[in-house]
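The primary structure of each chain is shown beneath.
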Amino acid sequence: QVQLVESGGGLVQAGGSLRLSCATSGRTFSSYGMGWFRQAPGKEREFVAGFSWYGSSTYYADSVKGRFTISRDNAKNTVYLQMNSLKPEDTAVYYCAAKRGRVDGTGTVDYWGQGTQVTVSS
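Only a predicted model underlies this, so the values are computations on that prediction, with no experimental measurement involved. (Residues numbered from 1 in each chain as written. Predicted model: local features only at pLDDT ≥ 70, side-chain atom pairs only at ≥ 80, totals over all residues. Heavy atoms only, no water.)

**Thoughts on the overall build of the chain**
What counts here: Think of it this way: any DSSP run of H or I at least four residues long counts as a helix, any run of E at least two long counts as a strand, and we number them from the N terminus. Radius of gyration here is computed from C-alpha atoms only, and the compact-globule reference equals 2.2 Å multiplied by the residue count raised to the power 0.38. Burial classes follow relative accessibility: with a 1.4 Å probe on protein chains only, a residue under 20% of its type's maximum area counts as buried, one over 50% as exposed, and anything between as partly exposed. The contact criterion used is simple: two residues touch if any of their non-hydrogen atoms lie within 4.5 Å. Here Asp and Glu are counted as negative and Lys and Arg as positive; His is not counted, and neither are the chain ends. Each charge is placed at NZ for Lys, CZ for Arg, CG for Asp and CD for Glu.
Counting its regular elements, the chain contains zero helices and 11 strands. For the chain, the succession of helices and strands along the chain, N to C, is β-β-β-β-β-β-β-β-β-β-β. The C-alpha atoms of the chain give 13 Å as radius of gyration, which agrees with the globular expectation for 122 residues (14 Å, within 12%). Projected onto the principal axes, the alpha-carbon positions of the chain cover approximately 40 × 30 × 25 Å. Here the chain holds 122 residues, and 43% of them are scored as buried. In the chain, 57% of the contacts between residues at least 6 apart in sequence involve partners at least 24 apart. Of the side-chain charges in the chain, 13 are positive and 9 negative, and the distance between the mean point of each set is 5 Å.

**So, the packing of aromatic side chains**
Selection rule: Only rings of Phe, Tyr and Trp enter the pairing, Trp through its six-membered ring, and a pair is recorded when the two centres are within 6.5 Å. The plane angle decides the type: under 30 degrees is stacked, over 60 is edge-to-face, the rest tilted. Whether a charge sits over a ring depends on NZ of Lys or CZ of Arg being within 6 Å of the ring centre and within 35 degrees of the ring normal.
Counted by the stated rule, this structure contains five aromatic pairs. Ring centres of Trp-53 and Tyr-54 lie 5.8 Å apart, and the angle between their planes is 80 degrees; on these two criteria the pair is classed as edge-to-face. Looking at Tyr-54, the relative accessible area reads 46%, which means it is partly exposed. One aromatic cluster is present, formed by Phe-37, Phe-47, Tyr-95 and Trp-112 through successive ring pairs. In this structure, Arg-45 is placed above the aromatic ring of Tyr-95, and the distance from its NZ or CZ to the ring centre is 3.7 Å.

**Comments concerning the sheet that holds strand S8 (residues 78-83)**
Worth spelling out the cut-off: Pairing between two strands is assigned when DSSP locates at least 2 bridges connecting them. Note on definitions: angles span 0 to 180 degrees between N-to-C directions of axes, and those axes are lines fitted to C-alpha atoms, for helices only across the stretch in contact.
The sheet built from four strands is open, its strands ordered S1-S3-S8-S7 with antiparallel pairing. The sheet terminates laterally at strand S1 (3-7) and strand S7 (68-73), the two strands that pair on one side only. Averaged over neighbouring strand pairs, the angle between their axes works out to 15 degrees when direction is ignored. Sheet topology places S7 next to S8; six bridges connect them, and they run antiparallel. Note that in S8 the partner of Asp-73 across the bridge is Thr-78.

**Comments concerning the pattern of salt bridges**
Cut-off, in case you're wondering: Whenever a carboxyl oxygen of Asp or Glu lies within 4 Å of a side-chain nitrogen of Lys or Arg, that contact is scored as a salt bridge.
For the structure shown, the criterion picks out five salt bridges. The partner of Asp-90 in a salt bridge is Arg-38, and the shortest N-O contact between them spans 2.9 Å. Here the residue Asp-90 occupies a position in the loop between S8 and strand S9 (92-100), and Arg-38 occupies one in strand S4 (residues 32-39), the gap between them amounting to 52 residues. In this structure Asp-90 comes out as buried when scored by relative accessible area, which is 0%.

**Things to note about the nonpolar core**
Stated precisely, the cut-off is as follows: Put simply, buried Ala, Val, Leu, Ile, Met, Phe, Trp, Tyr and Cys residues joined by side-chain atoms within 4.5 Å make one nonpolar core.
Counting 33 residues, the largest nonpolar core has Met-34, Trp-36, Val-48, Phe-68, Leu-81, Met-83 and Tyr-94 as the members making the most contacts within it. Taken together, the elements giving at least two residues each to this core come down to strand S3 (18-25), S4, strand S5 (46-51), S7, S8, S9 and strand S11 (116-121). No other element matches the five residues that S9 contributes to this core. With residues near it in sequence (within four places) discarded, Met-34 still touches Leu-4, Cys-22, Thr-24, Phe-29, Gly-50, Phe-51, Ile-70, Val-79, Cys-96, Ala-97, Ala-98 and Val-103.

**Describing the state of the cysteines**
A disulfide bridge is the covalent bond that connects two cysteines by way of their sulfur atoms. Our working rule: Here, two cysteine sulfur atoms that lie within 2.5 Å of each other are counted as a disulfide.
Applying the stated criterion across every chain, the model contains one disulfide. Put simply, Cys-22 and Cys-96 are joined by a disulfide, and their sulfur atoms are 2.0 Å apart. Given an S-S torsion of about -80 degrees, the disulfide between Cys-22 and Cys-96 has left-handed geometry. Highlighted residues: Cys-22 in strand S3 and Cys-96 in strand S9, separated in sequence by 74 residues.

On their own, these measurements won't tell you what the molecule is for.
Next up, the structure:
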């Protein structure tokens with residue numbers, strides 16, 4: 001059974017930082033890109049950040065460029081999203097995603113995590 005398990009969400013003040021983690025298990029994601037999406041109340045799920053399976057390319061939504069950084073630890077089968085300079089508009093449920101090839105906001109995601117809530121207070 002494939003599992004993507006997110007952690008690290010919480011409540012933070014504007015300007016603060018959080019680091020989300022996504023632990024993968026159940027299969028080898030060696031040919032899969034990984035990434036993060038988010039969904040705010042009343043809005044559609046949107047792409048945040050991702051990378052290709054070969055790891056040399058990263059992709060970011062314009063709204064988070066310069067503030068968020070995606071990374072991974074292959075030895076731990078874990079993907080991270082470091083979020084700095086958080087804004088109230090970053091408040092959302094954040095989902096980990098895996099997709100064959102790369103996660104760049106295009107195409108259909110193959111696997112989703114259950115989501116973790118991030119709330120940024122003003």
